[in-house]
Structures are given as C-alpha cells and as structure tokens.
Amino acid sequence: MKPTNDAGASYPIRAVERVCDILDVLQRSREGASLSDVAEVTGLPKSSAYRYLSALEARRYVEREPDTGAYRLGIAFRPQHTRQIDALAALARPHLERLRDRLGETTNLGVLDGVHIMHALVVESNEMLRLAARVGERGSLHSTALGKAIAAELPDDRVRVLLQAEPMRRFTDRTITSPDDYLVDLKVVRQEGFGLDDCENQPDGRCVAVAVRDLPFLCGISVSAPARRLPREKVEPVARALRRIAMQLARDYQAAG
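Starting from 1, residues in each chain are numbered consecutively following that chain's sequence as written. In view of the model being predicted, local features appear only for residues whose pLDDT reaches at least 70, and side-chain atom pairs are presented and counted only at 80 or more, with totals across whole chains, interfaces and linings using the full set of residues. As a rule here, side-chain values cover all heavy atoms of the structure and leave hydrogens and water aside.

A. Geometry of the packing of aromatic side chains. Each aromatic pair joins two rings of Phe, Tyr and Trp (for Trp, the six-membered one) with centres within 6.5 Å, and gets the label stacked for planes under 30 degrees apart, edge-to-face for over 60, and tilted for any other angle. Under the defined criterion, the tally for this structure stands at one aromatic pair. Measuring from ring centre to ring centre gives 6.4 Å for Phe217 and Tyr253, while their planes differ by 90°; the resulting arrangement is edge-to-face. Of this pair, Phe217 sits in the loop between strand 7 (205-212) and strand 8 (219-226) while Tyr253 sits in helix 8 (residues 235-256), placing them 36 residues apart in sequence. Take Phe217 and Tyr253: they sit in the same class, and that class is buried. Here a strand is any run of E in DSSP of at least two residues, a helix any run of H or I of at least four, and the numbering for each starts at the N terminus. Here the term buried applies to any residue with accessible area under 20% of the maximum for its type, exposed to any over 50%, and partly exposed to those in between, with areas from a 1.4 Å probe on protein chains only.

Set out below in structure tokens:
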C-alpha cells in the first residue's frame, strides 16, 4: 500500500476550509463584505484573501460591486429556478405596480434562496420616506414578513433546519430569536393566512406578506411601509389584497406554462 503523505493531504483541506470561511462571511453579510472584512474574519493576509476572492469571482461564486468594491455571493449561489423566477416577476410587476399605486407603499416579490429571502422584484413607493429593499438583496427568514409567509408553507422540522443554519440575529427589540417562539408565531401565520413583520426587521417598519402557492419554488409577495403609515388596522385589508394577487399570479403562471 502506498504511504499517505499527511502533510500533502492537509494542505488542500486547509484551502477548502478557507474557501468555506470566506463563503460563510459573505453569506452573513447582507450588504456585502470588504476585502478587509474578509481578511479580518478569516485571519488571512489581505493578499491571500484577495487571491481566494479573485479565484472565486472567476468561477462566479463571488461577485464584486464595481462602485464600492464590496464582495457578495455570486450568481452560482442564486436560486436554481432563475428563469421561472424572472417569468413570475414579469407577471407580478403590473399587479404589484397597481397595488403600490393604490396603497402608496412599496410592494415586493421574494423567493426562498437557501436560508434567506431574496427580493426578486421591488416596486418602490413614491413617498420620500419609504421602506424598500434592492432587487437581489437577501433578508432573514426569521425577521421578515416574507420569511414568515414562506416558512409557514414548510413543515416545522424543515423550518428548524433552516433556522439552525445561522444565528437568529436580533434586529430590533421585537425580533424573534428563539426557534420555538418562531414556530409558535408560524401557527398564527397559518391560521391568519399572512405573515407580519411588526417592527421586527427594522425599528419603524411594518410589512405584510402572503405565500404564492402551486409554483415550482417557494415565494411570496408583500407590502412594506413605515409603521405609522401601515397601522395594525390596515394589515387585514392589505393581506386580503395580497391574497387575491397571489391567487391570480398562480393562475397566470400555470397558464403561461
């Protein structure tokens, strides 16, 4: 039997671990991470971190913002159903634009992307002060209305697996940070038929979301606004409007085939 070269075997393992460390950093960074951030968290010299990032960028596992130089996960980690999501976004846009115009608030289409919610379509409010994510931006499953609406479509054991993938970060004093408490909240979501982010993701933000069912991927639509412009008494009517659009979207998608 050929002897094992332990020193040679350990090097590629260390390289793989470093790549995983870098990807973990980028996954946790909602706004992207700088070269310095990556180097500091991974303990790599900047020159080494840059070489790793460049190699990953060449394979499209990482992409770099041209304006800020920040790194984020690339197209290789985006949802597998990209074409279907693009098709749904095109169908959803006129519906969400009409709802935006009627309510005066931002409307969104989001999909489950790994353990996060990725915004596939954002129709921004025309108000000076508005709540709006960017297309492609990822939100947390546990603190967003879209996350709750989509998670409510899954069995509890699957939800626990998703929640265990990374810490349930506290964004405000209302954020749910316990898996057990989150599952209790999902029971309410299933009963009421909509997810509610009640100042849990941003201190002055409220968002209502419903799932779009019968599609080959998990997704939902939502309305987000400053809390004072979306008081609790408006949540139910907004949810009803979203449910009507969600049912129409599912029909449109199936018909488009």
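Read on for the rest.
B. Quick peek at the pairing of strand 7. Of all eight residues making up strand 7, eight are buried, and the element is well covered by its neighbours. Following DSSP output, two strands are said to pair if at least two bridges run between them. Relative to strand 7, strand 6 (residues 195-198) runs antiparallel, the two being bridged by four bridges. Residue pairing for strand 7: Leu196 is matched across the bridge by Val208. Two successive antiparallel strands, strand 6 and strand 7, enclose a turn made up of six residues, where Cys199 displays a positive phi of approximately 60°. Once strand 7 ends, the chain turns through six residues before running back antiparallel as strand 8, passing Asp214 with a positive phi of about 60°.

C. Fine view of the environment of Gln27. The topology assignment puts Gln27 in helix 1 (residues 6-28). The partly exposed category is assigned to Gln27, whose relative accessible area is 32%. When the C-alpha positions of Gln27 and Met247 are compared, they lie 32 Å apart, and in sequence the two are 220 residues distant. If near-sequence neighbours (up to four positions away) are discounted, Gln27 is found in contact with Leu73, Val115, His116 and Glu166. Contacts were defined at the residue level, with two residues in contact if any of their heavy atoms lie within 4.5 Å.

D. Summary view of the packing of helix 2 (residues 35-42) against helix 3 (residues 46-58). To define axes, lines are fitted to C-alpha atoms, for helices over the stretch in contact only, and angles between the resulting N-to-C directions are given on a 0 to 180 degree scale. Contact geometry for helix 2 and helix 3: axes closest at 9 Å, N-to-C directions at 110°. If you check the angle between helix 2 and helix 3, you find them roughly perpendicular. From helix 2, Leu35, Ser36, Val38 and Ala39 reach across to helix 3, where they touch Lys46, Ala49, Tyr50 and Leu53. Following the grouping adopted for this structure description, the nonpolar residues are Ala, Val, Leu, Ile, Met, Phe, Trp, Tyr, Cys and Pro, the charged ones are Asp, Glu, Lys and Arg, and the polar ones are all others, Gly among them. Considering only residue class, the contact of helix 2 with helix 3 consists of six nonpolar, one polar and one charged. For classification purposes, an angle smaller than 35 degrees is called roughly parallel, one larger than 145 roughly antiparallel, one from 65 to 115 roughly perpendicular, and anything else oblique.

E. Here's a closer look at unusual backbone geometry. One non-glycine residue with positive phi stands out, namely Cys199, at about 60°. Here Cys199 is to be found in the loop between strand 6 and strand 7. Non-glycine residue Asp214 carries a positive phi angle of around 60°. Topologically, Asp214 is positioned in the loop between strand 7 and strand 8.

F. Structural context of the nonpolar core. Definition used in this section: a nonpolar core is a set of buried Ala, Val, Leu, Ile, Met, Phe, Trp, Tyr and Cys residues joined via side-chain atoms within 4.5 Å. If you look at the biggest cluster of nonpolar residues, it comprises 33 residues, and the most contacted ones within it are Leu88, Leu109, Val208, Phe217, Cys219, Ile221 and Leu242. Setting aside its immediate chain neighbours within four residues, Val208 contacts Ala145, Phe194, Gly195, Leu196, Ile221, Ser222, Val223, Leu230, Val235, Val238, Ala239 and Leu242. Counting residues in hydrophobic clusters, the runner-up holds 22 residues, among them Val115, Ala151, Leu154 and Cys207.

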